[in-house]
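Summary of the model geometry
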Amino acid sequence: MNITIKGIGTVGGFGAGISALQQSLATRQTSAQMVSLDTSKGPIRIPALLADTTSVQAYVDKRALRRIDHYIRMALLGSFLALEDAELLDSKPERMGIIVATGYGATCNTFDFQHSVITAGDPSGSPTKFSNSVHNAAAAHISIILRELGPNLSISHYDMSMPSALLNAIQWLKEERVDWVLVGGVDEFCKVLGYYWHCHYGNTGSSTQATGRAASVNRHAVVGEGSCFFVLTREDECTSAYGCIEDVQLGNFERGRVDLPDNSPFVLGADGFSPGDTRYAELLPRDCRPAVYTPLYGSLPVGMAFDMAIAALALRSGTMAPSPDDLLPALPGLPLLRKMQMPAGKRISCLKLGAGNAFGLVTLQRN
Amino acid sequence: MKPATPVPIVGIGCICSAGTTLAQCMQSLYRGERYPAPPTRFSFSGTSAFPVFEVLDNFFTPDRWKQTEVLRTSQLALTAALEALEDAGLDPRELQHRRIGVCLGTNVGSSMNNESFYRDNVEGCDPYIPPVERFLLSNPVCGIVSEFELNGPAQTVVNACSAGSDAIGIAASWIRSGLCDAVITGGADEMYRVTYAGFKSLFINDDSPCKPFDAHRKGLNLGEGAAILLLVSQALAQELRLGPRGYVLGYGSASDAYHFTKPRPDGKGLRRAIEEALAAAEVNSGDVAFINAHGTGTIDNDLAESIVLSEMLPGVPFLSTKGYTGHTLGASGAIEAAFTIACLETGRIPASAGFSVPDPQLPGLPVAQNTPVSGSVAISETLAFGGNNAVLVLGKGIPTIEHND
Amino acid sequence: MDLKDRLKRMIVEELNIEDIAPDQIEDDEPLFGKKLGLDSIDAVEIVFQVEKTFGVAIRDMQEGRPALQSINSLAAYIEQRLTQ
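Treat the numbers as computed from the prediction; the structure is a model and nothing was measured.

Cut-offs and rules
- Residues numbered from 1 in each chain as written.
- Chains lettered and ligands numbered in written order.
- Predicted model: local features only at pLDDT ≥ 70, side-chain atom pairs only at ≥ 80, totals over all residues.
- Helix = DSSP H or I, 4+ residues; strand = E, 2+ residues; numbered from the N terminus.
- Rg over C-alpha atoms; globule rule 2.2 N^0.38 Å.
- Buried ≥ 20, exposed ≤ 12 C-beta atoms within 10 Å, placed from the backbone.
- Contact = placed C-beta atoms within 7 Å.
- Core = buried A, V, L, I, M, F, W, Y, C linked by C-beta atoms within 7 Å.
- Domains from an automatic or database assignment.
- Axes fitted to C-alpha atoms, helices over the stretch in contact; angles between N-to-C directions.
- Parallel < 35°, antiparallel > 145°, perpendicular 65-115°, else oblique.
- Left-handed = near helix turned anticlockwise from the far one by under 90°.
- pLDDT = per-residue confidence, 0-100.
- Pairing = 2+ DSSP bridges.
- Nonpolar A, V, L, I, M, F, W, Y, C, P; charged D, E, K, R; others polar.
- Expected span 1.5 Å × (residues − 1).
- Arc of directions from axis to C-beta.

**Remarks on the overall build of chain B**
Helix and strand counts for chain B stand at 12 helices and 12 strands. The C-alpha atoms of chain B give a radius of gyration of 20 Å, which matches the 22 Å a tight globule of 405 residues would have. Each of the 405 residues in chain B was classed as buried or not, and the buried ones make up 65%. Of all intrachain contacts in chain B linking residues separated by at least 6 positions in sequence, the fraction that spans at least 24 positions is 81%.

**Examining the overall build of chain C**
On a plain count of helices and strands, chain C comes out with four helices and zero strands. Tracing chain C from N to C terminus, the helices and strands come up as α-α-α-α. Against the compact-globule benchmark of 12 Å for 84 residues, chain C has a radius of gyration of 12 Å, which places it among compact chains. When the backbone C-alpha atoms are referred to their principal axes, chain C occupies close to 35 × 30 × 20 Å. When each of the 84 residues of chain C is scored for burial, the buried share is 26%. For chain C, restricting intrachain contacts to residue pairs at least 6 apart in sequence, the fraction spanning at least 24 positions comes to 54%.

**Considering the nonpolar core**
One finds Val181(A), Ala309(A), Leu229(B), Leu230(B), Leu231(B), Val248(B) and Ala338(B) to be the most contacted residues of the largest nonpolar core, which totals 278 residues. Per-element accounting of this core gives the leading share, 11 residues, to helix α10 (residues 303-317) of chain A. Counting contributing residues per domain, this core is built from domain 1 (2-235) and domain 2 (244-365) of chain A, each supplying no fewer than three. Those residues in contact with Ala309(A) that lie beyond four places of it in its chain are Ile8(A), Thr10(A), Ile18(A), Leu21(A) and Cys228(A).

**Notes on the packing of helix α2 (residues 72-88) of chain B against helix α5 (residues 140-147) of chain B**
Residues and elements named next belong to chain B. In contact at an axis separation of 8 Å, α2 and α5 are set at 50° when each is read in the N-to-C sense. In terms of axis orientation, α2 runs oblique to α5. Seen from above, α2 lies across α5 with right-handed handedness. Contacts between α2 and α5 pair Thr73, Ser74, Ala77, Leu78 and Ala81 from the former with Pro140, Gly143, Ile144 and Glu147 from the latter.

**Quick word on the confidence of the model for chain C**
For any part of a model where pLDDT is low, the fine detail of the predicted coordinates should not be relied upon. Residues and elements named next belong to chain C. Averaged over all residues, the pLDDT of chain C equals 92, while 100% of them reach at least 70. Mean pLDDT across the secondary structure elements of chain C bottoms out at helix α3 (residues 61-67), with 88, and peaks at helix α1 (residues 3-14), with 95. Among the scores for the predicted complex, ipTM is 0.95 and pTM is 0.95.

**Brief notes about the interface of chain B and chain A**
On the chain A side, the residues contacting the 62 residues of chain B number 64 residues. Sorting the residues of the side of chain B that touches chain A by element identifies α3 (115-122), α4 (131-138), α5, β3 (154-157), α6 (163-176), α7 (193-201), β6 (246-255) and α9 (268-281) of chain B as the ones contributing at least two each. If you tally residues by element for the side of chain B that touches chain A, the top one is α7(B), at seven residues.

**Comments concerning the sheet that holds strand β3 (residues 33-39) of chain A**
Residue and element names in this part refer to chain A. Taken together, three strands build an open sheet; the order of strands is β3-β4-β8 and the sheet is mixed. Edge positions in the sheet fall to β3 and β8 (223-224), since each has one partner strand and no second. In terms of strand pairing, strand β4 (residues 42-49) meets β8 through two bridges, oriented parallel. Bridge pairing links Leu49 to Gly224 in β8.

**Focus on the pairing of strand β9 (residues 226-235) of chain A**
On a regular strand, one side chain projects to one face of the sheet and the next to the other, so that they alternate. All names here are of chain A. Most of β9 sits out of view: eight of its 10 residues are buried. Judged from the 10 bridges that link them, strand β1 (residues 2-12) and β9 form a sheet pairing that is antiparallel. Bridge pairing in β9 links Asn2 to Glu235. In the sheet, strand β7 (residues 180-187) pairs with β9 via eight bridges, with the strands oriented antiparallel.

**Some points on the interface of chain C and chain B**
Many structure descriptions define interface size as the accessible area lost when the parts assemble. Counting residues at the interface gives six residues for chain C and five residues for chain B. Considering every element that reaches the side of chain C that touches chain B, the biggest residue donor is helix α2 (residues 40-54) of chain C, with four residues. Each residue belonging to the side of chain C that touches chain B can be placed in one class, and the counts come to four nonpolar, one polar and one charged.

**Side note on the packing of helix α3 (residues 107-119) of chain A against α7(B)**
Where α3(A) contacts α7(B), the axes come no closer than 10 Å and their chain directions differ by 95°. The angle between the axes of α3(A) and α7(B) places the two elements in the roughly perpendicular class. When α3(A) is examined against α7(B), the residues Phe113(A), Gln114(A) and Val117(A) are found in contact with a partner set consisting of Arg193(B), Val194(B) and Ala197(B). Classifying every residue of the contact of α3(A) with α7(B) by side-chain character gives four nonpolar, one polar and one charged.

**Remarks on the environment of Leu166(A)**
Within the element layout of this structure, Leu166(A) appears in helix α6 (residues 161-174). For Leu166(A), the contacting residues outside a window of four places in its chain are Val183(A), Ile245(A), Val248(A) and Val362(A).

**Let's talk about the pairing of strand β5 (residues 225-232) of chain B**
Residue and element names in this part refer to chain B. In terms of residue burial, β5 counts as a mostly covered element, since eight of its eight residues are buried. A two-sided burial pattern is seen for β5, the buried positions comprising Gly225, Ala227, Leu229 and Leu231 on one face and Ala226, Ile228, Leu230 and Val232 on the other. One ladder, built from seven bridges, connects strand β1 (residues 7-16) with β5; its direction is antiparallel. The residue bridging Gly13 from the neighbouring strand is Ile228, located in β5. The pairing of strand β4 (residues 182-189) with β5 spans eight bridges and is antiparallel. Paired with Ile184 across the strands is Leu230, a residue of β5.

**A look at α2(B)**
All names here are of chain B. With 17 residues, α2 extends 24 Å from end C-alpha to end C-alpha; this agrees with the ideal 24 Å at 1.5 Å per step. Counting buried residues along α2, 15 of its 17 residues qualify, which places the element largely inside the surrounding structure. A positive phi of about 70° marks Gly89, the residue just after α2.

**Quick notes on helix α1 (residues 22-30) of chain B**
Residues and elements named next belong to chain B. Inspection of α1 places Leu22, Cys25, Met26 and Leu29 among the buried residues, and these make up the whole buried set. Looking down the long axis of α1, one finds its buried residues gathered within 95° of arc, a one-sided arrangement. In the core, the buried residues of α1 are packed alongside β1, α11 (322-325) and α12 (332-346). One or two steps after α1, the chain reaches Gly32, where phi turns positive at roughly 75°.

Put into structure tokens, the structure is as follows:
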């Protein structure tokens, strides 16, 4: 039995849909822009990759979107694009589970609501904001809009949220709880995150004076937001051009083993922020020339979802795109795949080394 | 769907307003004691106080966990985890070098929901704790992973109020599929100003002690706590001679697909979740000894639940334990699973606290006093914000077979 | 701007009702009818906004329900509470 990928839907700083992601892979340029933020210490400017969700209105009635914020819109747009890519938009499958991974949750609403609670004398805040700040808000709204009564799960485990969500999706399909799973990751940029970036990177360089394209800023990290969803199903033969999910591993790389597949190109989730960025060289074979695509979608906890989409696109086209030219994080002792593309082969692994020495490894494979 | 093999529960820990151990909780439940009071963990003007169920501050945690950066949610989870391991008679060192997973439900313990993160940011950069550090300190799953030096899948479920039940259902599936030798599972949530304000803004708090399923119910009271269940594979149970206190027999979950704060009046999602859990466990509704209902005390929740239970499980006694614990959110499914196992062991369920006046609109009513139950299977169900429904079918432990080898 | 117009504007803006202009809301039409499509969450959101904007707190929904019938009833409730 195979867990196959039937559709992919994504939105991020690169645009909406897999064609926009492919376009950005082809040009190898980040589309990060400078974003202005007002903070208690005055205005700051930081580079960020932000998602435009205007096109969600093509799928969801305007009134149904009335209370739906940017975070949930990103998740909805990713979901609908994935269903459309799987050609399931007009006939939504029976027995479908929904799993949403998020590292940060609905940050803007969460912090807005916290702000009103902290600044008011008495605990008080907007009930709509509170409801939309609950961590399962995105998954709940997807089920309501799709009218899907199947199992519904939200996972928030920082940078391991996406591989965790996938682990459950595979379990559900294997147990035959469901026949389909819509699973994806979503994370939102907000002022607090921008401020965090500014505190860590903004004071040491030129970012506060920088104008124009963020690529001119000599930084190895750029904040991103967006969503990336997958439609998965169970098949005897893996017939999908995107391939199937061969393996998902989660654990601790200090205490346990990472079983790396042989002869597989790697896509690394190094994003310049992650404490695990410096550790890839210890685990990977010396000459593996991994690719890093984080500059295309930015740093966000569910970044692995975008790496998986890029890996699936590479399996479909047969070639792996080189890493982008700008904003690549420093990975000491590990030469990256640069400038030239290479044959994708039958298998690609996405590896993320994250907080607390946790790792997530997802291997895609096609026939 | 494939039938599910029973997964042994070999240790349980529980901490909430009713007590700091599972035994203490059960004692106060059977005595009908409950301790709702105005919140002490944050300030407010006297007029806005709704009663809550807080854990007494002298609960046990190792000193290294009492540093202020470690979130109370994590401290509660660790306390319950230590009790669960002790209950199993298991030296934590036995867990190292095996595939041990951790899967917990929480709300406040998920990455950026805690207030101090926001305060750090509005009050300046220095000293500043970055999101990754904040996550490691506040997340109860990370706390347990580092405390016991575990290596296995670690996962935080954030399905709002059903997160604890969902986490246990997922943990059982990790054992069944061979992914883990054992899973530390359950849920934890602390009393928190922001959730308190949120529930207040939704007008679903009762300004008096909550009265689930009662004609005069006005809403819920918030609570805090944690419960941890140690699930193990049959092989590990045998190897380490761990006797089961109970079993996870089945799990089902479904969505209402209706409204993000209101339960679906016909309870369609809840029905599907109960059907799935019973089918997975291969248990008939007639074999169910009792149901630990969600019973928050809100008008809509209790009505939908009463309708579904009276139709699907007619005559089966049920209760809500929220009258003893308050609504502990992400912990509630786990705390109630712990209570359910304890009740199967004693063959008796406590009175549904706060219930005295029957509501003519409710077709099914909970038990008004401590009630003997017979049978070895019970249901614990939870409903959540967003329309999530999660149901566990739990079984009584079979006395350990003595091995002579 | 008079109180009723302020309330209409508050409802349209805070509840994000994009397809209806404030002056399209009649003073006496039911707020929770088909036209506006409001529900229980909107009801508590209006309560929050009324307290934030006018400093008038509605303590519980039993008290709030009659006030939330229409723009007329809401304006009357606020005026009565402000003159108390």
